[in-house]
Amino acid sequence: MDRPAVAVLFGGRSSEHSISSATAGGVLRAIDRDRYRVIPVGITRDGVFVLEDDDPGKFALDAERLPEVVDNGTRVLWPEGGSDRTLRVRRADGSIDDLGEVDAVLPILHGVHGEDGTVQGFFDTLGIPYAGGGVLDSALCMDKHFMKIVLAAAGVPVSPSITVTRRQWDLDPERVRADAAALGEPTFVKPARAGSSVGVSKVHDASELAAALELAFAEDDKVLIETAIVGREVEVAILEGRAGARARASLPGEIVLTTREFYDFEGKYLGGDGAEVVCPADLTADEIAAIQELGVRAFEAVGGQGLARVDFFLTADGLYVNELNTMPGFTPISMFPKCWIASGVTYPELISELIDTALARAA
């Protein structure tokens, strides 16, 4: 039997382009080549689909060089729909090569135009199976405002917050300040539709609010101001169940902060001091069971598909869900793979599980 052809899709138009590209490096290095035929497809920052080099080392992430997809002159030509699944590439000289049929897409995209349901709808229209979240859960979890509404409606505890639009801030800043003050101090200000802690600030008092909002508004015209909950930051990795089985949860991990105020971009991806990813977390059996159960409940509440990472605050009053990520950081050092590795699933096995779940869903 021929190996299924998997298009590994990465890069994209969001501010998380480099993180997606770095993830691709890890996936290209670890994916089981005996089981899958790999077609690397990059999306430039301008939204151009190009046939990329199958070279994991090209996409290494370090503080000196953030990897990215550049326009190499090729153009990936997606199937025309119907029963056609043939992927083609137009070379820089105008010639067109047939890359064969694509069986599934692994869209390791973060942020808007990738993790928000847009590319998922594109592949639904073409009838091409893809790994990870679908249109609805991707769109819901990309927008933290609506995600909180859905979780709260399902009885999942979330942190108190308000949502502020650019227009509201421009027209009535005093009302926004008053609403923010009601949340207490400190607070977190974050874009409603961004990830990887891009545009996030911790606000200690009212004098810092305007600058924090401007930073967040640079990413999105809708922003959340949230009560800063005091507690341990724990996370659990979720995988969709097979053949009607319930989703399953990994052992939880924990973000341990020492000198860093919160788990920002540098701490997550550039090896900054002051934050450590610990998995499995030092928790009691009852705490682990509660985190796993609430993680699965949150996944079910948003109609989760494929995978998600559920982030919590563990406080003296219990658990609060901070957010769900439908395509969480997936580099080998990211929390999602680490949690599954601690649970007995290797990084290559995890990649295969995502692809095989997509193929099984479409069978």
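That block above? That's the structure.
Residues numbered from 1 in each chain as written. Predicted model: local features only at pLDDT ≥ 70, side-chain atom pairs only at ≥ 80, totals over all residues. Heavy atoms only, no water.

Asker: Help me understand helix α3 (residues 135-142) in this model?
Answerer: One turn of the α-helix equals 3.6 residues, which is why residues spaced by three or four share an orientation. Buried residues of α3: Asp 137, Ser 138, Leu 140, Cys 141 and Met 142, and no others. On its buried face, α3 is in contact with α2 (118-126), α4 (144-153) and β17 (318-325). (Buried < 20%, exposed > 50% of the residue type's maximum accessible area, 1.4 Å probe, protein only. Helix = DSSP H or I, 4+ residues; strand = E, 2+ residues; numbered from the N terminus. Contact = heavy atoms within 4.5 Å.)

Asker: Looking at this model, I keep getting lost on the pairing of strand β16 (residues 307-315). Mind explaining?
Answerer: Regular strands place their side chains on alternate faces of the sheet. Extensive coverage of β16 is indicated by the burial of 9 of its 9 residues. Burial along β16 is two-sided: Leu 307, Arg 309, Asp 311, Phe 313 and Thr 315 and Ala 308, Val 310, Phe 312 and Leu 314, pointing in opposite directions, are all buried. Across 8 bridges, the pairing between strand β12 (residues 232-239) and β16 is antiparallel. The residue of β16 that forms the bridge with Val 234 is Phe 312. (Pairing = 2+ DSSP bridges.)

Asker: I tried to follow helix α9 (residues 285-301) on my own but got confused; where do I start?
Answerer: The first and last C-alpha atoms of α9 sit 24 Å apart over 17 residues, in line with the 24 Å expected at 1.5 Å per residue. Those residues of α9 lying buried are Ile 288, Ile 291, Leu 294, Gly 295, Val 296, Ala 298 and Phe 299. Elements that come into contact with the buried residues of α9 comprise α4, β12, β13 (248-249), β16 and β17. Looking at the residues trailing α9, positive phi occurs at Gly 303, about 70 degrees. (Expected span 1.5 Å × (residues − 1).)

Asker: Looking at this structure, how should I read the environment of Leu 99?
Answerer: Within the secondary structure, Leu 99 is located in strand β6 (residues 96-101). Given the relative accessible area of 18%, Leu 99 is considered buried. Measuring from C-alpha to C-alpha, the distance between Leu 99 and Arg 88 comes to 5.3 Å, with 11 residues separating the pair along the chain.

Asker: Teacher, can you tell me more about the sheet that holds strand β8 (residues 161-165) here?
Answerer: By definition, the strands of a sheet pair up through backbone hydrogen bonds, in either a parallel or an antiparallel sense. Strand order in the open sheet formed by 4 strands is β8-β11-β9-β10, with antiparallel pairing between adjacent strands. Two strands close off the open sheet at either side, each with one partner strand: β8 and β10 (201-203). Adjacent strand axes in the sheet meet at a mean angle of 25 degrees when their direction is disregarded. The pairing of strand β9 (residues 187-191) with strand β11 (residues 222-227) spans 5 bridges and is antiparallel. Considered in β11, the bridge of Thr 187 is made with Thr 227. Lying on the sheet, helix α6 (residues 173-181) is in contact with β8, β9 and β11; it crosses β8 at an angle near 165 degrees. (Axes fitted to C-alpha atoms, helices over the stretch in contact; angles between N-to-C directions.)

Asker: Looking at this structure, how should I read the sheet that holds strand β3 (residues 49-51)?
Answerer: Read from one edge to the other, the open sheet built from 4 strands follows the order β3-β2-β1-β7, with strand pairing classed as mixed. The open sheet has two free edges, formed respectively by β3 and β7 (104-107), since each of these has just one partner strand. Within this sheet the neighbouring strands show an average axis-to-axis angle of 30 degrees, counted without direction. Along the sheet face, helix α1 (residues 17-30) touches β1 (5-11), β2 (37-43) and β7 and points at about 150 degrees away from the line of β1.

Asker: Sorry, what's going on with the packing of α3 against α4 here?
Answerer: Axes are the key here: two packed helices are described by the angle between their axes and the distance separating the axes. With their axes 5 Å apart at the nearest point, α3 and α4 run at an angle of 110 degrees to one another. Relative to α4, α3 is oriented roughly perpendicular. Judged by residue contacts, Leu 140, Cys 141 and Met 142 of α3 engage Lys 144, Phe 146, Met 147 and Val 150 from α4. Classifying every residue of the contact of α3 with α4 gives 6 nonpolar, no polar and 1 charged. (Parallel < 35°, antiparallel > 145°, perpendicular 65-115°, else oblique. Nonpolar A, V, L, I, M, F, W, Y, C, P; charged D, E, K, R; others polar.)

Asker: Is there a simple way to think about the pattern of salt bridges in this case?
Answerer: It is possible for side chains of opposite charge to pair when their charged atoms get near one another. Per the counting criterion, the structure on display carries 24 salt bridges. One salt bridge in this structure joins Asp 143 and Arg 193, with 3.9 Å as the shortest N-O distance. Here Asp 143 is found in the loop between α3 and α4, whereas its partner Arg 193 is found in the loop between β9 and β10, with 50 residues between them in sequence. Across the pair Arg 246 and Glu 300 runs a salt bridge, and its minimum N-O distance is 2.8 Å. Taken together, the residues span a long stretch of sequence, with Arg 246 in the loop between β12 and β13 and Glu 300 in helix α9 at a distance of 54 residues. Judged by its relative accessible area of 42%, Arg 246 falls in the partly exposed class. By relative accessible area, which is 41% here, Glu 300 ends up partly exposed. Three or more residues joined by partner-sharing salt bridges are found here, namely Asp 143, Arg 193, Asp 220, Asp 221 and Lys 222. (Salt bridge = Lys/Arg side-chain N within 4 Å of Asp/Glu carboxyl O.)

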